[in-house]
Amino acid sequence: MLDIHGLTKRYNGIAAIDGVSFAIRPGEILGYLGPNGAGKSTTVKILTGLIEPSAGEILFRGLNVRQHPVAFQRLIGYVPEEAYVYPHLSGREHLQLAGRLRGLPRRIMDRRAEELLRLFSLWEDRDLPLSSYSKGMRQKTLFCGALLHNPDFLILDEPFSGLDVHTALVLRLLLRRLADEGKMILYSSHVLDVVEKICSSVIILRNGKVVAADAVERLRDLMQQPTLEGVFAQLTAQDDPARLVSGILEAIRS
Amino acid sequence: MRRHFFLRFFDSDLLSSPGQWRAVAIGIVAVLLSFGIILIPGLFKKYLLLARLPTPKPYHLAMLGDILGLILLVMTLTGIFTAIQWHSLFPGLRDYQVLAAYPISLRDLFAAKFTALLAFGLLLIVSTTLAPSVLLPAVFAGDYAGNVGAQIPAIFVSASLAALFMFFSLVALQGVLLNAIPVRHFTRISLAIQGTLLTTLLAGYPLALSLVRPSAIDHPPQWAIWLPPAWYLGLDQLLAGNSDPFTTRLAELAVGALIAGGAAAVGTYCWGYKRHRLRLVESAAQPASRAHLSGCAFAPERIIRDPRQLAVFAFIGKTLARSSLQRLVLTVFVAVAAALICNSFASLLLSPGMHRSLSAARALRQAAVAAPLALSLFVLSGLRYLFRLPVEHRANWIFRVNQAGNEASLLAAVERFLVCCAVAPVALLTLPIELEVLGAAAGFEAAMLCALPSLILMEVFLVQSQRIPFTSSYLPGQRPVIQLLLIYGAAVSLYVSSLAALIESSLANPATAICLFVTLLGAWLFVRGSRKQRIQTSKLEFEELEEPVIFSLGLKRE
């Protein structure tokens, strides 16, 4: 189980996230939602060790992550928000890099990489540089890299970005199966209908603070909204879309 | 658009932060102007001595030699700058992509690019030739000098036209390549030609200078008619008032070559501008061939067992092999080292009575010892600089999420790479020179003694940066160009010349050689131990920090 207590990150005194607390249990897919700038990516970066928190505690199976970062990082798989990869490496070389950095023995890494590349339909293009891959192909490569070492905790930041319908469907089923095997999954996204379909519970952030944390059905009941989108709009108090559209049209006509 | 293209020539990620083109432009012009000023004091003394001789002939030959040297220098500098800008000579893929949505015709785009290129070339040439054209005739002033007033415009015009000829020739060369080479081969061939040009120009200049002998100037051989610098020397002489038939012939060739070069440059621009866009856009959509990737593949698995070390080692190798910018920068550093080595050997071997003189023989032995030191200095400096340049900086997350607890292992790969791909190859490549000049036993002894300073230098570089190559951000322009040149000058003088003299003198006495070996070995082990200790207490760097002095002032870069 992953427990987060009072996680705070300040940049020059301004809080990007402020006292965020939540927990993920084995077998749970937690949707992590919020408008742009709410602090989702900051939380993900803290969990992956890319940035240090200003305050707060992260416990993984009772172990303090800040005191034992190596043990924690061995157990996580990460798909970043943007598909930033080294463009001169091929798809296979990216997986070799990821596997080697995870310390996987060569025999296991090669076998898994080959199977994943075949299953994600990347085998034909395995030796082409990533610069020639489409966005969806890069995203699939990143997924392969995150799964290569069979992690216990998956951190996914907008993972379906650029994927075709079929691959997105496969991955949705895959995430469900991984959760059934007892893995923990943090799923950060803006695509609310996908979150509604695959996440058992959600956290909604606004201005760096948690404004809602519960099961999707319970939130819908509590807020008396038919969809998660309605719940989200009500909690994050976004501007009226119709009024914004009118403003844009007026601006380009003036 | 013309202004945009012109400023882009100075907007290099290697030299400055984006938008700081003024700093780069002023730096380049200042360095070029300084060249002329630096050369003057030495020349002044030379001409003072020559003026005391009873006949004017040596004085005149020296004048011609120096004018030819200047023409060679400005041609080389122009060639180097043009070769560095090789990929900016024609509009690039980014230009087409960014400007695609705007109502700009292809002809306007090419015209803007060509005029910006011409303006850049002229600025470069005038900056290079202006100061020497005034200062060199000022040094010539004396009884034997003749009409010095006529020499100022003559040198300026001939040197500028020589540089312009070089500039047009290279533009035309790329134009021909763009139109003649198939799309799938263009990038590879173009890169190879760029590297060859840089190496030839950097290493060839001192060699060519060594070949300019007074006898050849006094009685120029017939084949001089095939040498472009000789044409422009002829033009200079014609403009200064010497109109003998051979000089006139050379001057005619100079003017003809310039017109032909300019016409070829304009012609290739006009010839290929429609096809150029098509080729560039199509080649961008084509993936690199598998053969290219597999050809660059390393096989470090055989020597490295730790998977994390292997990851970093293979990453460095593949990045160096496949990134054109990295290869270009390394080529420049290696070419400078080759130029130094060529120059030292050429000046010794071509000096009269070299084989008879004892001091000349010793100088040759020192040059043999200096070769590995010079090469290691420039290869290691080049790699150190290259390693600081990021390649897709935002992709470094893959290292950052895996760094905890693995710092020592990841950095050990960098050390291993430098030993395997810099220190050891340099020692092996220069071993034949040492064996040939020093003999078998002394050659091996010198190779061992030279390898240790390379290892110490490598440790000094490694201790300064706790980072995985190509993964950290880079703040360019932290030191002015002139300061950098002075640092390298001092390093060559101290590390190469002094150490070469020390090692060469120790070879005669086994006890001294052993003492030196033990001292160097001890120094290497000490520096290495200190670095290893530091790794255990610090984290890897992924962001380049400001200079400490900036921190202390409480200032931050925007």
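Residues numbered from 1 in each chain as written. Chains lettered and ligands numbered in written order. Predicted model: local features only at pLDDT ≥ 70, side-chain atom pairs only at ≥ 80, totals over all residues.

Chemist: Residue-level account of the overall build of chain A, with values.
Modeler: A tally of helices and strands in chain A yields 10 helices and 10 strands. Over its C-alpha atoms chain A spans a radius of gyration of 19 Å, differing by no more than 12% from the 18 Å that the globule rule assigns to 254 residues. When its C-alpha atoms are laid out on the principal axes, chain A stretches across 55 × 50 × 40 Å. Out of the 254 residues in chain A, the part that is buried amounts to 43%. Long-range contacts, defined here as pairs at least 24 residues apart, represent 69% of the contacts in chain A between residues at least 6 apart. (Helix = DSSP H or I, 4+ residues; strand = E, 2+ residues; numbered from the N terminus. Rg over C-alpha atoms; globule rule 2.2 N^0.38 Å. Buried ≥ 20, exposed ≤ 12 C-beta atoms within 10 Å, placed from the backbone. Contact = placed C-beta atoms within 7 Å.)

Chemist: I'd like a rundown of the overall build of chain B, residues and numbers included.
Modeler: The helix and strand tally for chain B stands at 20 helices and 0 strands. Across the 558 residues in chain B, those meeting the buried criterion constitute 37%. Put simply, of all contacts in chain B between residues at least 6 apart along the chain, 82% involve residues at least 24 apart.

Chemist: Any chance you could break down the interface of chain A and chain B for me, citing the residues and the numbers?
Modeler: The partner chain B presents 27 residues to the 28 residues of chain A that form the contact. Taken together, the elements giving at least two residues each to the side of chain A that touches chain B come down to helix H2 (69-74) and helix H3 (91-101) of chain A. It is H3 of chain A that provides the largest number of residues to the side of chain A that touches chain B, a total of 5 residues. Within the side of chain A that touches chain B, the residues separate by chemical class into 16 nonpolar, 7 polar and 5 charged. (Nonpolar A, V, L, I, M, F, W, Y, C, P; charged D, E, K, R; others polar.)

Chemist: Mind laying out the sheet that holds strand E6 (residues 76-79) of chain A, listing which residues take part and the relevant values?
Modeler: Residue and element names in this part refer to chain A. In spatial order, the strands read E6-E7-E8-E3-E9-E10; together these 6 strands make up an open sheet with mixed pairing. Either end of the sheet is taken by a strand with one partner, and the two such strands are E6 and strand E10 (209-215). Pairs of neighbouring strands in the sheet enclose a mean axial angle of 15°, with direction left out of account. Both strand E9 (residues 201-206) and E10 contribute to a ladder of 6 bridges, which runs antiparallel. Residue pairing in the sheet places Arg206 in a bridge with Lys209 of E10. Most of the contacts of helix H5 (residues 135-147) go to E6, to which it runs at about 170°, and overall it touches E6 and strand E7 (153-157). Along the sheet, helix H8 (residues 216-223) makes contact with E9 and E10, crossing E10 at roughly 110°. (Pairing = 2+ DSSP bridges. Axes fitted to C-alpha atoms, helices over the stretch in contact; angles between N-to-C directions.)

Chemist: Talk me through the domain arrangement of chain A; I want residue IDs and the actual numbers.
Modeler: Residue and element names in this part refer to chain A. Taken domain by domain, chain A holds domain 1 (2-75 + 152-253) and domain 2 (87-149). Using C-alpha coordinates to define each centre, domain 1 is positioned 26 Å away from domain 2. Each partner contributes to the interface: domain 1 provides 8 residues, whereas domain 2 provides 6 residues. Residue classes in the side of domain 1 that touches domain 2 are distributed as 4 nonpolar, 3 polar and 1 charged. (Domains from an automatic or database assignment.)

Chemist: Give a detailed account of the nonpolar core, specifying residues and quantitative values.
Modeler: Ranked by size, the top nonpolar core spans 200 residues in total, and within it Ile185 of chain A together with Ile71, Ala162, Ala337, Ala374 and Val379 of chain B carry the most contacts. Residue contributions to this core peak at 16 residues, all from helix H6 (residues 148-180) of chain B. Non-local contacts of Ala374 of chain B, meaning those with residues more than four positions away in its chain, are made with Ala337, Leu340, Ile341, Val492 and Val496 of chain B. (Core = buried A, V, L, I, M, F, W, Y, C linked by C-beta atoms within 7 Å.)

Chemist: Can you lay out the packing of helix H3 (residues 57-84) of chain B against helix H9 (residues 228-239) of chain B for me, pointing to particular residues and giving the numbers?
Modeler: Residue and element names in this part refer to chain B. Look at H3 against H9: their axes get within 9 Å of each other, and the N-to-C directions meet at 125°. By the angle class used here, H3 and H9 are oblique. Here H3 runs over H9; the crossing is right-handed. Note on element contacts: H9 touches H3 through Pro229, Tyr232, Leu233 and Asp236, opposite Leu64, Ile67, Leu68, Ile71, Leu72 and Met75. Considering only residue class, the contact of H3 with H9 consists of 9 nonpolar, no polar and 1 charged. (Parallel < 35°, antiparallel > 145°, perpendicular 65-115°, else oblique. Left-handed = near helix turned anticlockwise from the far one by under 90°.)

Chemist: Describe the sheet that holds strand E4 (residues 55-60) of chain A, naming the residues involved and giving the relevant values.
Modeler: Across a sheet, paired strands are connected by hydrogen bonds in the backbone, their directions being either parallel or antiparallel. Residue and element names in this part refer to chain A. Taken in spatial order, the 4 strands line up as E2-E1-E4-E5 in an open sheet, and their pairing is antiparallel. Bordering the open sheet on either side are strand E2 (14-24) and strand E5 (63-64), each of which pairs with just one other strand. With 2 bridges joining them, E4 and E5 adopt antiparallel strand pairing. Paired with Leu59 across the two strands is Asn64, which belongs to E5.

Chemist: Give me the lowdown on the pairing of E9 of chain A, citing residues and values where you can.
Modeler: All names here are of chain A. When strand E3 (residues 29-33) meets E9, the two strands line up parallel, connected through 4 bridges. Bridging from a neighbouring strand, Tyr32 pairs with Ile203 of E9. Connecting E9 to the antiparallel partner E10 that follows it, the hairpin turn spans 2 residues, and Asn207 within it adopts a positive phi of roughly 50°.

Chemist: Which residues make up helix H1 (residues 40-48) of chain A, and what values go with them?
Modeler: The element H1 of chain A is extensively covered by neighbouring structure, given that 9 of its 9 residues are classed as buried. Immediately beyond the C-terminal end of H1 of chain A, within one or two residues, lies Gly49 of chain A, with a positive phi of roughly 85°.

Chemist: Which residues make up the confidence of the model for chain B, and what values go with them?
Modeler: Residues and elements named next belong to chain B. Confidence along chain B averages 81 in pLDDT terms, with 85% of residues attaining 70 or more. Across residues 547-558, where pLDDT falls below 50, the model places 5 contacts with residues more than four positions away in sequence or in other chains. Scored as a complex, the prediction yields pTM 0.78 and ipTM 0.85. (pLDDT = per-residue confidence, 0-100.)

Chemist: Just give me the short version of unusual backbone geometry, but keep the residues and values in it.
Modeler: Phi is positive for Glu158 of chain A, which is not a glycine, with a value near 50°. Tracing the chain through its elements places Glu158 of chain A in the loop between E7 and helix H6 (165-180). Its identity as a non-glycine residue notwithstanding, Phe470 of chain B has a phi of 70°, on the positive side. Looking at the element boundaries, Phe470 of chain B is found in the loop between helix H17 (440-464) and helix H18 (481-506).

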